[in-house]
Amino acid sequence: MKKFQVAIIGGGVIGSSIARELSRYDVSVVVFESGSDVASQASKANSGVIHSGINSPPYSLKARLCVEGNRMFQSLAGELGVPVKWVGKFVVAGNEDEIAELEHLKRVGESNGVPGLEILDEAGVKKKEKNISCRGALWVPTAGITSPYQLTIALAENAAENNVKFLLETKVIGLKKQAQKFFVNTTKGGFLADVVVNAAGVFCRDIVAMLEEPDFNVYPCRGEYLVLDKSYSWLVRSMVYPVPPKHTGVLGIHITPTIEGNILLGPSAEFINEDEDTRTTREAMISLLKHAKEMVPVVPDNAVINAYSGIRSKLASAENGGWADFRIEESRNTPGLINILGIESPGLTAAPAIAKEAIGIIAGLIVLKEKGSFKSNRARVNRFSGLLETERAKMIEKDSKWGRVVCRCEQVTEREVTDALSNPLGARTLSSVKYRCRAGMGRCQGGFCTPHIVRIMKDNFGMDVIDIKLKSPNSTLFTGRVREVREHG
Ligand SMILES: Cc1cc2nc3c(=O)[nH]c(=O)nc-3n(C[C@H](O)[C@H](O)[C@H](O)COP(=O)(O)OP(=O)(O)OC[C@H]3O[C@@H](n4cnc5c(N)ncnc54)[C@H](O)[C@@H]3O)c2cc1C
């Protein structure tokens, strides 16, 4: 049976951040991820906002780790080659009562150590963002945006390059502790570990329940989004948030530019019964457009190219106000089990700081000796579309695959698709390609490039077309070969 010193359950941004942080040390680490790739749940379906820390009560773990995470982002993103833009955010007030709320948010932010907060009147806002309609706004210059899935993929791939083992499509189905060792039962067999890190997101309670009676519940809360076509990127350059609705534990429907140049409207907030119910609904779509127009009236109805949703892992129910702090702790009843619980927003922002916190606990359980071979930098993957003509010509001369455009909308070449499929995690679904090089993310949403990517998977990677998946182990794409079907039919 394979043995690892640390077993991490979950390859979201939290599990991947902890894995990458642990890969600095001479310690054997495995990550079990039930999906076909990392970032298969909340870590790919969120706003991608690097929060500043104005929204969590002073002295909460959420406030401290958000502010710390925000500060850590610049150097982390640089090391990993992940895009970050410090676009800033406006929290807009529609009336005098809400102006008083802005003063409150400013005070909270300042006591959390957030710099540069400023309340602007209507004219001051218009000077910066002419399309916002409001009475005034709080300007938050340290808020930024990133690509949440690119970040998670980069963390995981860098960890893998530093010898962390990632086992995809491997679900943990049982845990037992005997004689100081954990026996981890998975869909791909059994493993032994000294320390188990529970980073299973909305499923964190199921993991605890495998070993002991959990002292908490998880209340899944769905957030739906609309994605606007890139040609509407002029609507806003900064993020636009409302004053947070009271007693909901969420920040309200906002307008957010993405790193890729689209605009997001969302997220809604609906407490649901199913952990995996990521449907998108007509009611939410109508409500997202309505709320967005209250802040930016020129938001058009006909610019939507996609919709998606993500599930918040909340430790407080709607009846109890929906807000609870993060929990990052070793279980009292099961020493060696480190639980990372209730990591809803600002979990993406706080991820680097949460990882440090977890490492602090792990260091009390096993010896962590830094290894000299740790590679902190990940080679930046070139986007062909972002290069000058002369640079492109040089690349094509070296490898003709740079000259074959596979995805017309996003101008992604065959070489970029091949590089995406050669990832160190061994992730090989259409989504793995999409999230690594953007093929399939444009206006036609994969209509043109899918057959080309399938051909590359078959010809260059020897994959059987029948086995190719869209995104998860169960999402098969094809029923069979047309000729075989005809012959038998
Ligand atoms: C709508 C929405 C908007 C948000 N916006 C922001 C934002 O703008 N900024 C911000 O800072 N934060 C934001 N967040 C919060 C942020 O997305 C989360 O805090 C973060 O992604 C949580 O990461 P995670 O790794 O804990 O969970 P996940 O990404 O859900 O990862 C958990 C992983 O564990 C795996 N898993 C579960 N059970 C098992 C098992 N038994 N065996 C193996 N694998 C298993 C799952 O497949 C999953 O991949 C938002 C969240 C949502 C839902």
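Residues numbered from 1 in each chain as written. Predicted model: local features only at pLDDT ≥ 70, side-chain atom pairs only at ≥ 80, totals over all residues.

Novice: Could you clarify how one ought to interpret the sheet that holds strand β3 (residues 49–50) in this entry?
Specialist: Across a sheet, paired strands are connected by hydrogen bonds in the backbone, their directions being either parallel or antiparallel. Taken together, the three strands give an open sheet; going across it, the order is β3-β8-β4, and neighbouring strands pair in antiparallel fashion. The sheet is open, and its two borders are formed by β3 and β4 (84–85), each paired with just one other strand. Sheet analysis places β3 next to strand β8 (residues 144–146), joined by two bridges and oriented antiparallel. Across the sheet, Ile 50 pairs through a bridge with Gly 144, a residue of β8. (Pairing = 2+ DSSP bridges. Helix = DSSP H or I, 4+ residues; strand = E, 2+ residues; numbered from the N terminus.)

Novice: Any chance you could explain helix α5 (residues 148–161) here in plain terms?
Specialist: Since there are 3.6 residues in each turn of an α-helix, residues three or four apart along the chain are aligned in direction. Over its 14 residues, α5 runs 20 Å from end to end, which matches the ideal 20 Å to within 8%, given 1.5 Å per residue. Most of α5 sits inside the fold, with 13 of its 14 residues counted as buried. Asn 163, located one to two residues past α5, shows a positive phi value of around 80°. (Expected span 1.5 Å × (residues − 1). Buried ≥ 20, exposed ≤ 12 C-beta atoms within 10 Å, placed from the backbone.)

Novice: I tried to follow the packing of helix α10 (residues 414–421) against helix α11 (residues 430–437) on my own but got confused; where do I start?
Specialist: Two quantities define a packed helix pair, namely the angle between the axes and the distance from one axis to the other. Contact geometry of α10 with α11 gives a least axis separation of 9 Å together with a crossing angle of 115°. Here α10 runs over α11; the crossing is right-handed. Between α10, through Glu 416, Val 417, Ala 420 and Leu 421, and α11, the contact on the second element is made entirely by Ser 432, Val 433, Arg 436 and Cys 437. Of the residues that constitute the contact of α10 with α11, the class distribution is five nonpolar, one polar and two charged. (Axes fitted to C-alpha atoms, helices over the stretch in contact; angles between N-to-C directions. Left-handed = near helix turned anticlockwise from the far one by under 90°. Contact = placed C-beta atoms within 7 Å. Nonpolar A, V, L, I, M, F, W, Y, C, P; charged D, E, K, R; others polar.)

Novice: Quick question: what am I supposed to make of the site of the ligand here?
Specialist: Taken together, 39 residues lie around the ligand, and Gly 10, Gly 12, Gly 201, Gly 223 and Gly 347 are the ones closest in. Residue assignment for the shell around the ligand shows that the elements contributing at least two residues are α1 (13–22), β18 (304–314) and α8 (347–363). For the shell around the ligand, the per-class residue count stands at 16 nonpolar, 19 polar and four charged. (Near = placed C-beta within 6 Å.)

Novice: Looking at this structure, how should I read the domain arrangement of the chain?
Specialist: Accessible area lost during the coming together of the parts is what is often quoted as the interface size. With domains assigned, the chain is organised as domain 1 (1–83 + 145–215 + 321–380), domain 2 (84–144 + 218–314) and domain 3 (385–488). The distance between the C-alpha centroids of domain 1 and domain 3 comes to 29 Å. Each partner contributes to the interface: domain 1 provides 16 residues, whereas domain 3 provides 14 residues. For the side of domain 1 that touches domain 3, the element with the highest residue contribution is α5, accounting for six residues. (Domains from an automatic or database assignment.)

Novice: For this particular structure, what's the right way to read helix α3 (residues 96–111)?
Specialist: Over its 16 residues, α3 extends 23 Å from the first C-alpha to the last, a length consistent with the 22 Å expected when each residue adds 1.5 Å. Among the residues of α3, those classed as buried are Leu 102, Leu 105 and Gly 109. Projected down its long axis, α3 shows its buried positions confined to an angular sector of 65°, all on one face. Along α3, exposed side chains directed more than 90 degrees from the buried face belong to Glu 96, Asp 97, Ala 100, Glu 103 and His 104. Elements in contact with the buried residues of α3: β5 (89–93), β6 (118–121) and β7 (136–140). Phi for Gly 113, located one or two positions after α3, is positive at around 90°. (Arc of directions from axis to C-beta.)

Novice: Could you clarify how one ought to interpret the packing of α1 against α8 in this entry?
Specialist: It is at 8 Å that the axes of α1 and α8 come closest, and there the two elements cross at 45°. Judged by the angle between their axes, α1 and α8 are oblique. In the crossing of α1 with α8, the sense of the turn from one axis to the other is right-handed. Across the interface between the two elements, Val 13, Ile 14, Ser 17, Ile 18, Glu 21 and Leu 22 of α1 pack against Gly 347, Leu 348, Ala 351, Pro 352, Ile 354, Ala 355, Lys 356, Ala 358 and Ile 359 of α8. Residues of the contact of α1 with α8, tallied by class, amount to 11 nonpolar, two polar and two charged. (Parallel < 35°, antiparallel > 145°, perpendicular 65-115°, else oblique.)

Novice: How should the pairing of β5 be read in this particular structure?
Specialist: Note on strand geometry: in a regular strand, side chains alternate between the two faces of the sheet. Most of β5 sits out of view: five of its five residues are buried. The alternating pattern of β5 places Lys 89, Val 91 and Ala 93 and Phe 90 and Val 92 on opposite faces, both of which are buried. Two elements, β5 and β7, share five bridges in a ladder whose sense is antiparallel. Its bridge partner lying in β7, Val 92 is registered against Ala 137. Of the pairings in the sheet, the one linking β5 to strand β14 (residues 239–242) comprises four bridges and is parallel in character. Its bridge partner lying in β14, Val 92 is registered against Pro 242.

Novice: How should I be thinking about the environment of Val 114 in this particular structure?
Specialist: Within the secondary structure, Val 114 is located in the loop between α3 and β6. Taking C-alpha positions, Val 114 is 40 Å from Thr 170, a pair spaced 56 residues apart along the chain. The contact partners of Val 114, leaving out residues within four places of it in the chain, are Ser 52, Gly 53, Ile 54, Val 67, Gly 109 and Thr 142.

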